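Take a look at the letters that make up each chain.
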Amino acid sequence: MASGGGVAVASLWTEVNRCGQSGDYTRALKALTKILHENRDDVTALHCKVVCLVQTGSFKEALNVMNTHSKSLGSDVVFEKAYCEYRLNRVESSLKTIESAPEQTDKLKELYGQVLYRLERYEECRSVYTDLIRNSQDEYEEERKTNLAAVVAAMSQWEKASMEDLGLPESTYELCYNTACALIGQGQLTEAFNKLRQAEELCRVSLADDSDVTEEDIESELAVIHSQMAYIMQLQGRTDEALQLYNQVIKLKPSDVGLLAVTANNIITINKDQNVFDSKKKVKLTNAEGVEYKLARKQLQAIEFNKALLAMYTNQADQCRKLSSSLHSQNPSHPRPVLIQAAQLCREKQHSRAIELLQVNDPKVQTIKLYFIYFRFLMAFCHVTKACDVLRSIEAFRHKAGMVSALVALYSHEEDIDGAIDVFKQAIEHFQSEQPGSAAHLALVREAANFKLKHGRKKEAISDLEQLWKQNTKDVHTLAQLISAYSLVDTNKAKSLSKHLPSAETMSFNVDVDELENSHGATFVRKKAGKVVGESLPKEPGQVELKKKKKKKKGKLPKNYDPNVTPDPERWLPMRERSYYRGKKKGKKKEQIGKGTQGAMAGASAELDASKTASSPPTSPRPGSASGSSTAPSSSGVVPPRQQKPSSSGATRKKAPQKKKKGGKGGW
């Protein structure tokens, strides 16, 4: 009996070996189940069963087998356990399993790099792949280089790290694509677009050699490249071209849910508050199952932000508040959820609540962008003083020339001269300690002095003017301003300073007035003196006085003038004085009216008397003439085609015009 069972088990192992070589893991599982029925603690059979379950994609079942027989299997299945956890998106558990392994084999290191990439620990991931490429030589070297290029691209895009030349070749379209992504992260859009073109050509060439690959398969493989091309077009402002390419990718319905989600999100960003119906359809693609495992954290964050904005544009106030509150709890240091909430409150005409919401004291949320938006809100509702306080609270820009200018203008508008002078004072003190004597420092002092003089604060302007004059004692303009200011405070000081003014002789210049007036661009030229009336200049001997001939103007001829007809010689005389005038002709007598009854006309009774007319039958209308009020049937024009409802793809189709039926009554 035992001998027969041994023969059966041996044949089962032969079956397992044959199925493993042919890749038929389902049949191998059946044979392994029979072997384990004979000996349920057979370590080799258990290990083979785990491998077959992994190959068939039954990761949960494989993990259950390893957990159930953990004592028997031990550390022999560390890689299989970590891989199953990784495929089930239990990335943290997979990382712990790998780190607890007694020995780090090459395949464990490969998986370790994948886990680190999913956790967005790109620096450690790059070190792992660099070490693998350096210390291993097998047929998977090209895949490792592709993964390393993907890590570099992710660092460039999400962490804005500078690109390093790792000497990776661009022999495959995957490597070219990853290089293009890295260039996008660096802002080199034209170079990135050229790389994507190169990747597209390499992809077509590599897939064209395979006879089993159809044109649809090639287009599906190129979808990710085309989507990235459209993204570059969008960044360059070519939104129409980008939208067309995005829609082409969507129509292909690629199996990658991450690619679909990113493409749909980018279409929503192009639509903005327009074409909201299309955006509501596209947002469903971002909710597909498994999207959260395919995209980076920042990509998922951007999608959630756009969902909140779309809810605001579609007047879903409760949904917008819910999404923005959730985003704020997940990202407390990000200002965008607060801005979305404030925008929603403004749409609801709750401006005071929006201002209160933006007035945050949490240093995690306080960003320069948020400060400026808060400032704009305050200015929109005429809270100028509060707006100035907001600007002055921004440490990074408080003493910049543009900020000082804006604050002074705002305070001047509010007639708060003391506030404007205080802004100048703080800025001058800052430059006095940081950059004393610099051009920016002296420019601020000059502007402060001019502002004080303009608003009658000459006493306060004295210190600024003295500082400027000490820097340049030859500046006569500043000295004159200083003397004018001292004249109100200390006349003796003003007199002593006036000694430094240049003398009148040194101030005079040798200027040719005539040359100056005749020069190009002179705004005023003195006119030459005219001739005096009654005086005549003496004539030179032999000079003949020439008389100017006046040009005769041609008289205007009448409109009905005919050169062939002799004009009437008496045309200048009044009509009554002309020889051929005979006076007005007397008019004929008007017909006498009103002799009959009231309203009757002469001869009307005779015409209306039926007895005086000959009796005759009524005549029929002539052929072709219209009789009565009946109208002929109107000719039927072309009926415009009816428009159908939009199809699922969003495009509208129209029916073709039907042909006119014969024998109809003028219709279709």
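In this text, all values refer to a predicted model and were calculated from it rather than measured experimentally.

The rules behind these values
- Residues numbered from 1 in each chain as written.
- Predicted model: local features only at pLDDT ≥ 70, side-chain atom pairs only at ≥ 80, totals over all residues.
- Heavy atoms only, no water.
- Helix = DSSP H or I, 4+ residues; strand = E, 2+ residues; numbered from the N terminus.
- Buried < 20%, exposed > 50% of the residue type's maximum accessible area, 1.4 Å probe, protein only.
- Contact = heavy atoms within 4.5 Å.
- Polar contact = N/O pair within 3.5 Å; in protein donor to acceptor, adjacent residues only side chain to side chain.
- Phe/Tyr/Trp six-rings, centres within 6.5 Å; stacked < 30°, edge-to-face > 60°.
- Lys NZ or Arg CZ within 6 Å of the ring centre and 35° of its normal.
- Axes fitted to C-alpha atoms, helices over the stretch in contact; angles between N-to-C directions.
- Parallel < 35°, antiparallel > 145°, perpendicular 65-115°, else oblique.
- Left-handed = near helix turned anticlockwise from the far one by under 90°.
- Nonpolar A, V, L, I, M, F, W, Y, C, P; charged D, E, K, R; others polar.
- pLDDT = per-residue confidence, 0-100.
- Patch = residues over 30% accessible without salt bridge, like charges linked within 9 Å, V, L, I, M, F, W, Y side chains within 5 Å.
- Areas by Shrake-Rupley, 256 points an atom, 1.4 Å probe, with all protein chains shown as cover.
- Salt bridge = Lys/Arg side-chain N within 4 Å of Asp/Glu carboxyl O.
- Lys, Arg positive; Asp, Glu negative; His and termini not counted.
- Charge placed at Lys NZ, Arg CZ, Asp CG, Glu CD.
- Expected span 1.5 Å × (residues − 1).
- Arc of directions from axis to C-beta.
- Core = buried A, V, L, I, M, F, W, Y, C linked by side-chain atoms within 4.5 Å.

### Notes on the overall build of the protein
Point 1. Counting its regular elements, the protein contains 31 helices and zero strands.
Point 2. Here the protein holds 668 residues, and 32% of them are scored as buried.
Point 3. Across the protein, the fraction of contacts at a sequence separation of at least 24, relative to all contacts at a separation of at least 6, is 46%.

### A look at the side chain of Thr263
Point 1. Summarising the element assignment, Thr263 is placed in helix 15 (residues 257–271).
Point 2. Accessibility expressed as a relative area gives 0% for Thr263, which makes it buried.
Point 3. Within the local environment of Thr263, its side chain forms a polar contact with the backbone oxygen of Leu259, the two atoms lying 2.8 Å apart.
Point 4. Ignoring any residue separated from it by four or fewer positions in sequence, one finds Thr263 in contact with Ser227, Tyr246, Val249 and Ile250.

### What to know about the packing of aromatic side chains
Point 1. Counted by the stated rule, this structure contains four aromatic pairs.
Point 2. Judged by centre distance (6.1 Å) and plane angle (70°), the rings of Phe59 and Tyr83 are edge-to-face. Separated by 24 residues along the polypeptide, Phe59 in helix 4 (residues 59–68) and Tyr83 in helix 6 (residues 78–87) bring together distant segments of the chain.
Point 3. A relative accessible area of 12% means that Phe59 is categorised as buried.
Point 4. Where Tyr117 meets Tyr122, the ring centres are 5.7 Å apart and the plane angle is 65°; that geometry is what we call edge-to-face.
Point 5. Between the NZ or CZ atom of Arg238 and the centre of the ring of Phe193, over which it lies, the distance is 5.8 Å.

### A look at the packing of helix 11 (residues 173–185) against helix 13 (residues 215–235)
Point 1. Two numbers describe how helix 11 lies on helix 13: the axes approach to 12 Å, and their chain directions differ by 20°. As judged from the angle between their axes, helix 11 and helix 13 are roughly parallel. Regarding helix 11 and helix 13, the two cross each other, and that crossing is left-handed. Contacts between helix 11 and helix 13 involve Tyr173, Tyr177, Cys181 and Ile184 from the former and Glu221, Val224, Ile225, Gln228, Tyr231 and Ile232 from the latter.
Point 2. A breakdown of the residues in the contact of helix 11 with helix 13 according to their chemical character gives eight nonpolar, one polar and one charged.

### Looking at the confidence of the model for the protein
Point 1. Model confidence for the protein is summarised by a mean pLDDT of 77, while 75% of its residues fall at 70 or above.
Point 2. In the model, residues 361–365 has pLDDT below 50 throughout and makes eight contacts with residues more than four positions away in sequence or in other chains.
Point 3. Contacts from residues 602–668, a stretch scored under 50 in pLDDT, to residues over four places away or in other chains number 25 contacts.

### Things to note about the packing of helix 7 (residues 91–99) against helix 8 (residues 106–118)
Point 1. At a minimum axis distance of 10 Å, the contact between helix 7 and helix 8 shows a crossing angle of 145°. Of the two elements, helix 7 crosses helix 8, and the hand of that crossing is left-handed. Here helix 7 contributes Val91, Ser94, Leu95, Ile98 and Glu99 to the contact with helix 8, which in turn contributes Leu108, Leu111, Tyr112, Val115, Leu116 and Arg118.
Point 2. Of the residues contributing to the contact of helix 7 with helix 8, the split by class is eight nonpolar, one polar and two charged.

### Some details on a negative patch on the surface
Point 1. A cluster of acidic residues, Glu139, Glu142, Glu143, Glu174, Glu216, Asp217 and Glu221, forms a negative patch at the surface.
Point 2. Among the secondary structure elements, those contributing two or more residues to the negative patch are helix 10 (141–158) and helix 13.
Point 3. Per-element accounting of the negative patch gives the leading share, three residues, to helix 13.
Point 4. Residue position: Glu221 is located in helix 13.
Point 5. Residue class for Glu221 comes out partly exposed when judged on its relative accessible area of 34%.

### Looking at helix 8
Point 1. Here helix 8 contains 13 residues, and its C-alpha end-to-end distance of 19 Å stays within 8% of the 18 Å for a straight helix at 1.5 Å per residue.
Point 2. Within helix 8, the full set of buried residues consists of Leu108, Glu110, Leu111, Tyr112, Gly113, Val115 and Leu116.
Point 3. Looking at the packing, one finds that the buried side of helix 8 touches helix 6, helix 7, helix 9 (122–135) and helix 10.
Point 4. Of the residues flanking the end of helix 8, it is Glu120, one or two places downstream, whose phi is positive at about 60°.

### Structural notes on helix 12 (residues 189–208)
Spacing of three or four residues puts side chains on the same side of an α-helix, whose turn is 3.6 residues.
Point 1. Here helix 12 contains 20 residues, and its C-alpha end-to-end distance of 29 Å stays within 8% of the 28 Å for a straight helix at 1.5 Å per residue.
Point 2. Those residues of helix 12 not exposed but buried are Leu189, Ala192, Phe193, Lys195, Leu196, Ala199, Glu200, Cys203 and Leu207. What you see down the axis of helix 12 is that its buried residues fit within an arc of 155°, all on one side. In this structure, helix 12 carries Thr190, Glu201, Val205 and Ala208 as exposed residues pointing more than 90 degrees from its buried face.

### What about the nonpolar core?
Point 1. Ranked by size, the top nonpolar core spans 30 residues in total, and within it Leu196, Ile225, Met229, Ile232, Ala242 and Tyr246 carry the most contacts.
Point 2. For this core, the secondary-structure elements that each account for two or more residues are helix 11, helix 12, helix 13, helix 14 (239–252) and helix 15.
Point 3. The element contributing the most residues to this core is helix 11, with eight residues.
Point 4. Each residue touching Ile225, except ones within four places of it in the same chain, is listed here: Tyr173, Tyr177, Leu196, Ala199 and Glu200.

### Things to note about unusual backbone geometry
Point 1. Although it is not a glycine, Asn89 sits at a positive phi angle of roughly 65°.
Point 2. In this fold, Asn89 is placed in the loop between helix 6 and helix 7.
Point 3. The partly exposed category is assigned to Asn89, whose relative accessible area is 26%.
Point 4. One non-glycine residue, Lys272, lies in the positive phi region at around 55°.

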